[in-house]
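Read off the chains here:
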Amino acid sequence: MLYLWKKFRKNKVALFGVTVALLIIFTAVCAPLLSPYDPYEQFFEGLTLEGSPLPPSAKFWLGTDLLGRDLFSRLLYGARTSLIIGVVANGVAVGIGTIFGVIAGYMGGFLGWSIMRFTDLMMAFPALLLAIALAAIFSPSLWIVALVIALVNWVWVARVIYAQTSSLATSEFIEAIRSLGASSPRILFRHILPHLVPTILVWSTLGISTTVLLEATLSFLGIGVRPPTPSWGGIIFESQSYFLDAPWLVFFPGVAILLLALSFNLVGDALRDILDPTQRGRG
Amino acid sequence: MLAFFLKRLGASVGIIIGITLITFLLSFYIPADPVRMLAGRSASQQTVENIRHQLGLDKPLYIQYFKYLGRLAHGDLGRSYKQKTQVSELIFSRLPATLLLMAGAISFELIIGLLAGILAATRRGQKTDHAAMILSFVGVSAPQFVLGLLLLYTFAYKFPLFPLGGYGTLAHLILPALTLGITGGGWYSRMMRSSMVDVLMQDYIRTARAKGVSEHKVVLVHGLRNAILPIITMVGLDIGFFMSGAVVVESVFGWPGIGQLAWQAIQVIDIPTIMGVTMVAALCIVIGNFLADMVMPLVDPRIRLR
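Rules used in this analysis
- Residues numbered from 1 in each chain as written.
- Chains lettered and ligands numbered in written order.
- Predicted model: local features only at pLDDT ≥ 70, side-chain atom pairs only at ≥ 80, totals over all residues.
- Helix = DSSP H or I, 4+ residues; strand = E, 2+ residues; numbered from the N terminus.
- Buried ≥ 20, exposed ≤ 12 C-beta atoms within 10 Å, placed from the backbone.
- Expected span 1.5 Å × (residues − 1).
- Contact = placed C-beta atoms within 7 Å.
- Core = buried A, V, L, I, M, F, W, Y, C linked by C-beta atoms within 7 Å.
- Nonpolar A, V, L, I, M, F, W, Y, C, P; charged D, E, K, R; others polar.
- Axes fitted to C-alpha atoms, helices over the stretch in contact; angles between N-to-C directions.
- Parallel < 35°, antiparallel > 145°, perpendicular 65-115°, else oblique.
- Left-handed = near helix turned anticlockwise from the far one by under 90°.
- Domains from an automatic or database assignment.
- pLDDT = per-residue confidence, 0-100.
- Arc of directions from axis to C-beta.

Novice: Please provide a residue-by-residue account of the overall build of chain B, values included.
Specialist: Helices and strands together make up the secondary structure of chain B, namely 15 helices and zero strands. Projecting the C-alpha coordinates of chain B onto the three principal axes gives extents of approximately 85 × 55 × 30 Å. The proportion of buried residues among the 306 residues of chain B is 38%.

Novice: Please provide a residue-by-residue account of helix α6 (residues 127-141) of chain B, values included.
Specialist: The terminal C-alpha atoms of α6 of chain B lie 21 Å apart, and with 15 residues this matches the ideal 21 Å at 1.5 Å per residue to within 8%. Within α6 of chain B, the full set of buried residues consists of Ala132, Ser136, Phe137, Gly139, Val140 and Ser141 of chain B. Here the buried face of α6 of chain B lies against α9 (184-220) and α11 (248-275) of chain A together with α5 (87-122) and α8 (170-200) of chain B.

Novice: Talk me through the nonpolar core; I want residue IDs and the actual numbers.
Specialist: Counting residues in each nonpolar core, the largest one holds 149 residues, and the members touching the most others are Leu129, Ala131, Ile132 and Ile149 of chain A together with Ala262 and Ile274 of chain B. It is α11 of chain A that contributes the most residues to this core, 15 residues altogether. For Ile132 of chain A, the residues in contact, after removing those within four places along its chain, are Ile223 of chain A together with Ala262, Ile266 and Ile274 of chain B.

Novice: Run through the interface of chain A and chain B, naming residues and quoting values.
Specialist: Interfaces are frequently sized by the accessible area removed from exposure as the parts join. The interface is formed by 34 residues belonging to chain A together with 38 residues belonging to chain B. Counting only elements with at least two residues in the side of chain A that touches chain B, the list comes to α5 (109-123), α6 (127-137), α9 and α11 of chain A. In the side of chain A that touches chain B, the residues fall into 28 nonpolar, five polar and one charged.

Novice: So what about the packing of helix α13 (residues 258-267) of chain B against helix α14 (residues 271-299) of chain B? Which residues, and what values?
Specialist: All names here are of chain B. The contact between α13 and α14 brings their axes to 8 Å, and the two run at 150°. As the angle between them shows, α13 and α14 are arranged roughly antiparallel. Judged by the twist between their axes, the crossing of α13 over α14 is left-handed. Two secondary-structure elements touch here, α13 through Ile258, Leu261, Ala262, Ala265 and Ile266 and α14 through Thr273, Ile274, Val277 and Val280. Here the residues of the contact of α13 with α14 sort into eight nonpolar, one polar and no charged.

Novice: So what's going on with the domain arrangement of chain B? Residues and values would help.
Specialist: Residues and elements named next belong to chain B. Splitting chain B by domain gives domain 1 (2-73) and domain 2 (93-299). Distance between the C-alpha centres of domain 1 and domain 2: 34 Å. Listed per partner, the contact involves 13 residues of domain 1 and eleven residues of domain 2. Broken down by secondary-structure element, the contributors of at least two residues to the side of domain 1 that touches domain 2 are α1 (2-28) and α2 (34-39). Take the side of domain 1 that touches domain 2: its biggest share by element is nine residues, from α1. Broken down by class, the residue content of the side of domain 1 that touches domain 2 amounts to nine nonpolar, three polar and one charged.

Novice: Kindly report on the confidence of the model for chain A, identifying the contributing residues and their values.
Specialist: All names here are of chain A. In this model, chain A carries an average pLDDT of 84, and 95% of its residues clear a pLDDT of 70 or more. Averaged pLDDT values for the elements of chain A fall to 74 in helix α1 (residues 2-10) and rise to 90 in helix α4 (residues 71-107). Taken together, the stretch residues 279-283 has pLDDT below 50 and engages in three contacts with residues farther than four places along the chain or on a different chain.

Novice: Can you lay out the confidence of the model for chain B for me, pointing to particular residues and giving the numbers?
Specialist: For chain B, mean pLDDT is 83; residues scoring 70 or higher make up 92% of the total. Note on the complex model: pTM 0.87, ipTM 0.85.

Novice: Requested: an account of helix α10 (residues 215-227) of chain B, with residues and values cited.
Specialist: Residues and elements named next belong to chain B. The terminal C-alpha atoms of α10, which comprises 13 residues, lie only 16 Å apart, well short of the 18 Å expected from a rise of 1.5 Å per residue. If you check which residues of α10 are buried, you get Val219, Gly223 and Ala227. One side of α10 carries all its buried residues, which in axial view fall inside an arc of 40°. Of the exposed residues in α10, those oriented more than 90 degrees away from the buried face are Lys217, Val221 and Arg225.

Novice: Tell me what's going on with the environment of Leu90 of chain B, and back it up with residues and numbers.
Specialist: All names here are of chain B. Counting through the fold element by element, Leu90 comes out in helix α5. Expressed as a C-alpha distance, the spacing of Leu90 and Leu261, which sit 171 residues apart in the sequence, is 8.0 Å. Apart from residues lying up to four places away in sequence, Leu90 is in contact with Ser80, Gln83, Thr85, Leu261 and Thr273.

Novice: Please give an account of the environment of Met1 of chain B that cites residues and values.
Specialist: Within the fold, Met1 of chain B resides in the segment before α1. When the C-alpha positions of Met1 of chain B and Pro297 of chain B are compared, they lie 8.8 Å apart, and in sequence the two are 296 residues distant.

Novice: Break down the environment of Ala169 of chain A for me, with residues and values.
Specialist: Residues and elements named next belong to chain A. Residue position: Ala169 is located in helix α7 (residues 142-169). Ala169 sits in the buried class, given 20 other C-beta atoms within 10 Å. Counting along the chain gives 95 residues from Ala169 to Arg74, while the straight-line C-alpha distance between them is 49 Å.

Encoded structure:
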């Protein structure tokens, strides 16, 4: 841990990523304290006389949306949606991927072969279209969207974990441990899993950024989190037809999505550089 | 080479069969009843049963699957519930637009990716390198629909250099292709950089330099020729990324391709159309992967020996 932090401190870009990520997590957790208004309240004075949304002003810092709701408050609450889905969906994907990857890599044989051919098959589907098909089947709520994204994303983790496990399983030190009479569960949990921790850690961060982008895209297509729950992609979906007159309704949520995805990408990439010994010293 | 070819071909066919199975199961388990949607709210029970029978939705699952396979073999993807036309016709009339968009996107992606990657690799550790790599991360992290909408706002509305969406001329193609190209270019520039860094450390590059070949020629002729190999395969593997991106970008720009078709089908839960597009997209991906595998030994003779 200390080693990680020491390495991290030297990398300004990664430090920026950590700061932004922590800031977004902080705003999501403290959204009720930080937001000036109720994100669901429709203000009478939040619309012009013609019924158009208001641009950013002293009263509504980032302007209002089509229903006269405060955009800043909705963005703060939207951070919760994005983060919950990002963390849960990616966590589930990494979990499923690790389990199947380890099983396929360690057991090998027909079971391993079948699992890996199934991942080949899943990867042949375009991620977004598969998610759309799944989202059309289960009418989407927050948790269903998270599950759909997890079902689409786990294959990537499974492949990476599979490659590592199968090379570990045939390595000499595992052979030595096995010849000492260690049981399979012991080998798996004491000797193989620790070697996979760096990969799991990297995917847990990098994957959040892919997940957040996919959630935003699904919401933008109108098949993500249902209104009135604030979601950054959803805010843009609602105001898409209005965006030439009210560009702030696309710009601010867009920047929020970008910052969240970017921060986790930067942190994940820095983690990979630090944790992957084969990459060390290349810079 | 022939054995390799046959092995890859077999794997591709296996995956295609798997794809048909999954699309079939997905369309069968969709709870929103397509018969009700087609018949309308006020239809009598008898009408509903008739339509169900007409569509063959009352037969056992495996019979439906084999019938489905039989129809697929004839290029029949079923009828659109909503548009009352053949899905295959809808898709094939729109496929050229998507392929055109894809060609434009790949061009932008390669221009951005190769330029930024080579620049970063040759100025490794310097400010240009850092700036290029940070920008590549921004490109990768930018949601495509936001990028598209902002490009539209800036270059079609504020400064009307390009049309506000639509299809027809080269000017219509630039912004949607650029939107897809920026995201993809981010990945390519990172790959190009690391590939180029590896190549530039090779002995034969040192030899070329020692012979007195100019630095430009070393990088652009001797280096690029080898460094670009992983990128070529990547284009074949990226078809899936483009197909997903096409749904978003085509709906933002009103580009009449299969992505827009899928997006319109989502709105009315037109299942045969959604599944048809998914299947055609998956087929394109399998073909893309297969071609990437086949092209590699041709451009890199070293692979043939393995």
